[in-house]
Amino acid sequence: MKTQNFFSAALLTFALAFGSTSFAQKSVMVGGAAMYPTKNIIENAINSKDHTTLVAAVKAAGLVETLQGKGPFTVFAPTNAAFNKLPKGTVEMLLKPENLKTLQTILTYHVVAGKMNASDIAKAIKAGNGKATLQTVSGGTLIAAMKGKDLYLTDENGKSAKVTIADVNQSNGVIHVIDAVVTPKS
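Draft legend 1. Structural detail: unusual backbone geometry. The peptide bond linking G71 to P72 adopts the cis configuration, its omega dihedral lying at 5 degrees. You can see P72 is positioned in the loop between α4 (64-68) and β3 (73-78). Positive phi outside glycine occurs at N129, with the angle close to 55 degrees. Positionally, N129 belongs in the loop between α8 (118-127) and β5 (132-135). Here N129 falls in the exposed class, since its relative accessible area comes to 76%.

Draft legend 2. Examining the sheet that holds β3 more closely. Here we have 7 strands laid out as an open sheet, ordered β4-β3-β9-β8-β7-β6-β5, and mixed in their pairing. Looking at the sheet topology across the chains shown, the edges are occupied by β4 (111-113) and β5. Strand-to-strand twist in this sheet, taken as the mean axis angle between neighbours without regard to direction, amounts to 30 degrees. Pairing of strand β7 (residues 150-154) with strand β8 (residues 160-170) involves 3 bridges; the strand directions are antiparallel. If you follow T154 over to β8, its bridge partner there is S160.

Draft legend 3. Geometry of the pattern of salt bridges. As enumerated under the stated definition, the model contains 1 salt bridge in all. The residue K162 makes a salt bridge to D150 at a minimum N-O spacing of 3.6 Å. Pair noted here: K162 is in strand β8 and D150 is in strand β7, with a separation of 12 residues, a long-range link. When its relative accessible area of 24% is taken as the criterion, K162 is described as partly exposed.

About the criteria used
- Residues numbered from 1 in each chain as written.
- Predicted model: local features only at pLDDT ≥ 70, side-chain atom pairs only at ≥ 80, totals over all residues.
- Heavy atoms only, no water.
- Helix = DSSP H or I, 4+ residues; strand = E, 2+ residues; numbered from the N terminus.
- Buried < 20%, exposed > 50% of the residue type's maximum accessible area, 1.4 Å probe, protein only.
- Pairing = 2+ DSSP bridges.
- Axes fitted to C-alpha atoms, helices over the stretch in contact; angles between N-to-C directions.
- Salt bridge = Lys/Arg side-chain N within 4 Å of Asp/Glu carboxyl O.

This is the structure:
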């Protein structure tokens with residue numbers, strides 16, 4: 001009983017700390033720029049100095065039009081620092097035209113169809129007894145779980161990424177900033 005109460009308290013703390021859908025329409029600062037809920041994912045992302053690598057990758061993958069579309073989408077957006085954690089030369093290799101399909105698969109692995117705010121993810125984690133399986137647009141899965149007050153995603157290779165900024169609402173979905181690039185099983 002104590003464990004369940006602690007878990008419920010942790011989920012409530014997460015939802016309150018990162019916002020819930022009733023407070024979701026405020027602009028949030030990401031990468032030194034305001035992210036406006038009236039703009040779409042691409043219109044906001046291009047202004048974040050922390051997401052220049054992601055924006056370049058989305059452009060190279062031909063996904064700009066998709067992410068400007070109606071959606072809704074939930075995007076787990078790795079920062080430049082997250083991309084810098086990859087082995088040297090990985091980003092440059094992925095941006096080459098001959099690696100287009102691989103780049104598209106990795107990027108769409110960071111996207112879930114529909115809009116899932118932090119409170120929605122917290123509810124799914126609670127319903128899943130501590131874990132929620134998120135189906136990505138690429139066809140893979142991410143596992144969402146709480147570690148203390150923090151939300152983490154674990155990819156199909158066992159690598160984890162922490163959500164550092166949640167509930168960055170967009171006109172066509174929501175962005176959650178993450179500190180690592182997640183990848184589907186090869």
